[in-house]
Amino acid sequence: MKYIDEYRDADAAQKLARAIHNITTREWTIMEICGGQTHSIIKFGIDELLPEQITLVHGPGCPVCVTPVELIEKAIEIASRPDVIFCSFGDMLRVPGKKKDLLTVKSEGGNVRIVYSPLDCLKIAQEQPDKEVVFFAVGFETTAPANAMAVYQAQQQGIKNFSLLVSHVLVPPAMEAILSSPVNQVQGFLAAGHVCTVMGYHEYPPIAEKYHVPIVVTGFEPVDILQGVYAVIKQLEEGRAEVENQYRRVVRQQGNPGAQQIIQTVFEVSNRKWRGVGEIPQSGLRLRDTYRAYDAEFKFNLSDQAIPEDPECISGLILQGVKKPHECTAFGTRCTPEKPLGAPMVSSEGACAAYFRYRARG
Amino acid sequence: MHQLIGKMFAPAFSNKLLNQQHDGAAIDLGNGTKIAFTTDSFVVSPLFFPGGNIGTLAVNGTVNDLAMCGAKPLYLSAGFIIEEGLPMETLWQVVHSMSEATETAGVQLVTGDTKVVDRGKGDGIYINTAGIGLIDSDRAISPTQIQPGDKILINGDLGRHGMAIMAVREGLEFETEIKSDCAPLVDPVFALLDAGIEVHCLRDLTRGGLATTLVEIAESINTHLHISEAAVPVREDVRGACEILGFDPFYVANEGRFMAFVPPDDAGRAIEILRQFPDGDQAAIIGDVTEKSGTVVTMKSQIGATRILDMLSGEQLPRIC
Amino acid sequence: MCLAVPGKITTIQDTGDPLLRTGKVSFGGIQKEVNLAYVPEAKIGDYVLVHVGFALNVVDEAEANQVFEYLREMGELAELTETGGDASDTS
């Protein structure tokens, strides 16, 4: 497959790995922001090619990991209503709420459907006018233009039986939250290539400068990730802290203006609670008032009770690279992929699930 | 599911034949005749998919379980659990394709049963089957026969069935030529056996895909298996479908693929035999049985790094992250 | 956080409203209908990066190959450094 296979080429990867070995003289901790990058690292065993001194920490860039329990409970509450068709990406179906998840709601008769695109929900809403179609709009800036377009088109076409349960989060505020934490371990970042495809990377220079950390916009294939790591290590070894763009084939400095514009039209920046991390100011998106009719939180007047995290779960520390999954007392015993305590064990990209799946066998 | 079997069923019914824990039970009737006996249930949705339907799946799935024991499939039973209101036309299409499949596989359906359940209590139709086959007495084929140094072979490219189902599953549709690889495996298996290939073990790669089967076998014989990702054939369109839905082809279901464990000297010849069969042109040696013990499966990834291949918990769901 | 896959545009359907512009995109031979609103400049034969049914950007062919020129330089550089040459900046 063009633009994929070339970036999974073994000798290109080996060449880059050797180059990384040649320039690494000290221990470094790097965070790859995006769950997709984590998935690639684990799937291809990229970390095995890196020198021992380099530690890759899995970042919070996975909507499954960061969606707060309160929103999962709201999704479960809505999906359990007989008049609702609840649509979601597959990722969210196994995320644990207080007692159950959306798959359980489905098995109990709830009309829960997996969709590939938010636009599919508009077709369902038109086919089933007597039902309320609700879409679980999760994701980072990459998914925001798609969710925004679904609302925009619904309004244009006068589709009334459609709404979004929004759980949108932004990358830069999360990076700042990690970097400003006194226990932060991360010294450099692989920024999320697909978020930057939409947003560009003009938001990162102030962060690189303020915290003196190199930030390299990186893709998702092995050659991309290895080249991103090489660029970060080279800067660290030379004491530089700049923003570089490795993923040039799809990321432009200014991003995608059309996509940014529709995000601004439909959403506005808001405070957001991140599961396991807590509330980060201005770190998410919510629907603007003009689109309130499409906001499921208002449409279904849902109970708003704060739900405490599972006390034993240290997902916040893991998401910030402060702890490794095996340092959690519940890891592999009370918390497994079948019965996850916290979200990093639910998503196949979550740091704990990746660790359990690919390391548990010693 | 594996815990359910291990913790509940296996201890409850424990006996020598059951504990073989293979696709079917190999039973010696004492008078020099050995038979293989198997059972399976089919609950696929949607009922019809490119390349087959629940009926062809039921016949071929049962026939293949028998072939995996090195048995010549002879007789099948079929129990139908039909949801009230299932259109007769649908039932007829399923039954008709089952009868065609029995002819292709050279077996007879000799006994059956039908039950109807209330509307809403079943997904259109469920089929449970049982099968009996004759084992040529001197061939023992099961995981316990696997030797360190054996080569691991597969009879073709992977993932077609799972992605053919995805292509027509509501909400995820995409345009494709991908058809299920659903087919009887009797001919390729017996081509190997009749050519004198020393086949130690056979296992069909169904629901959990290649990776799940490898881990099941590694666990059952406490031996470290090693494969190379680059050696495993996956067709370009199947890979395309997996990429956009976020699936890993090593965990996608197959219905016409099996894994064979053979000594190194027989591996080359075995591949040549398998490549003569329709859809067998991609048959390949994908790895080997190491000398080390331990219930682990490792894989040399496409970029040359080694990683552990684990079993998947629960069904693979399309993902965006 | 965002699974996005490059695919080749095979057909384009223009309904007049740029936000409703769609096209068929091929991923290794399978085809999916994709919204092209965010890539108004995209034409048939272009490769676009697709996420949840939306094309986010056209893939830049020249930049795509740049990674491999960079690797070739690195290859020559590696030979140089092994034979005692100076390590020039390659980023």
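Residues numbered from 1 in each chain as written. Chains lettered and ligands numbered in written order. Predicted model: local features only at pLDDT ≥ 70, side-chain atom pairs only at ≥ 80, totals over all residues. Heavy atoms only, no water.

**Q** I would appreciate a short explanation of the sheet that holds strand β8 (residues 215–218) of chain A in the present structure.
**A** All names here are of chain A. Overall, parallel pairing links the 5 strands, which are arranged β2-β1-β7-β8-β9 in an open sheet. Because the sheet does not close on itself, it has two edges, and the strands there are β2 (54–61) and β9 (243–245). Put simply, the sheet's adjacent strands are angled 25 degrees from each other on average, direction ignored. As defined by bridge partners, strand β1 (residues 28–34) adjoins β2 across 6 bridges and the pair is classed as parallel. For isoleucine 30, the partnering residue across the bridge sits in β2 and is leucine 56. Helix α9 (residues 171–180) contacts β1, β2, β7 (188–192) and β8 of the sheet and is inclined by roughly 155 degrees relative to β1. (Pairing = 2+ DSSP bridges. Helix = DSSP H or I, 4+ residues; strand = E, 2+ residues; numbered from the N terminus. Axes fitted to C-alpha atoms, helices over the stretch in contact; angles between N-to-C directions. Contact = heavy atoms within 4.5 Å.)

**Q** Is there a simple way to think about the packing of helix α1 (residues 10–23) of chain A against helix α12 (residues 222–237) of chain A in this case?
**A** Between two packed helices, the angle of one axis relative to the other and the distance separating the axes together describe the packing. Residue and element names in this part refer to chain A. Packing of α1 against α12 leaves a shortest axis separation of 9 Å and a crossing angle of 15 degrees. With respect to α12, the element α1 is oriented roughly parallel. The handedness of the crossing between α1 and α12 comes out as left-handed. Residues Ala12, Ala13, Leu16, Ala19, Ile20 and Ile23 of α1 form the contact with α12, whose participating residues are Val223, Leu226, Gln227, Val229, Tyr230, Ile233, Lys234 and Glu237. For the contact of α1 with α12, the residue count by class is 11 nonpolar, 1 polar and 2 charged. (Parallel < 35°, antiparallel > 145°, perpendicular 65-115°, else oblique. Left-handed = near helix turned anticlockwise from the far one by under 90°. Nonpolar A, V, L, I, M, F, W, Y, C, P; charged D, E, K, R; others polar.)

**Q** I keep staring at the pattern of salt bridges and nothing clicks. Help me out?
**A** Side-chain pairs of opposite charge can arise where the charged atoms are in close proximity. Residues and elements named next belong to chain A. Overall, the coordinates contain 34 salt bridges over all chains when judged by the stated rule. Ionic pairing is found between arginine 249 and aspartate 224, a salt bridge with its closest N-O pair at 2.7 Å. One end of the pair, arginine 249, is in the loop between β9 and α13 (257–266); the other, aspartate 224, is in helix α12, and 25 residues separate them in sequence. An identical accessibility class is assigned to arginine 249 and aspartate 224; each is buried. For glutamate 238, the salt bridge identified is with arginine 240, shortest N-O distance 2.9 Å. (Salt bridge = Lys/Arg side-chain N within 4 Å of Asp/Glu carboxyl O. Buried < 20%, exposed > 50% of the residue type's maximum accessible area, 1.4 Å probe, protein only.)

**Q** Got a minute to help me understand the confidence of the model for chain C in this structure?
**A** Low-confidence regions, as indicated by low pLDDT, have predicted coordinates that should not be scrutinised in detail. Residue and element names in this part refer to chain C. Scored by pLDDT, chain C comes out at a mean of 86, with 82% of its residues at no less than 70. Scored below 50 in pLDDT, residues 85–91 shows 12 contacts in the model against residues more than four places distant or in partner chains. Per the prediction output, this complex has pTM 0.93; the corresponding ipTM is 0.94. (pLDDT = per-residue confidence, 0-100.)

**Q** So what exactly am I meant to see when it comes to the packing of helix α2 (residues 54–67) of chain B against helix α3 (residues 88–105) of chain B here?
**A** Residues and elements named next belong to chain B. It is the contact of α2 with α3, at a shortest axis distance of 7 Å, that shows an interaxial angle of 30 degrees. Here α2 is positioned roughly parallel relative to α3, judged by the angle of their axes. Considering only the axes of α2 and α3, their crossing is right-handed. Contacts from Ile54, Gly55, Thr56, Ala58, Val59, Asn60 and Val63 in α2 reach Val94, Ser97, Met98, Ala101, Thr102 and Ala105 in α3. Classifying every residue of the contact of α2 with α3 by side-chain character gives 8 nonpolar, 5 polar and no charged.

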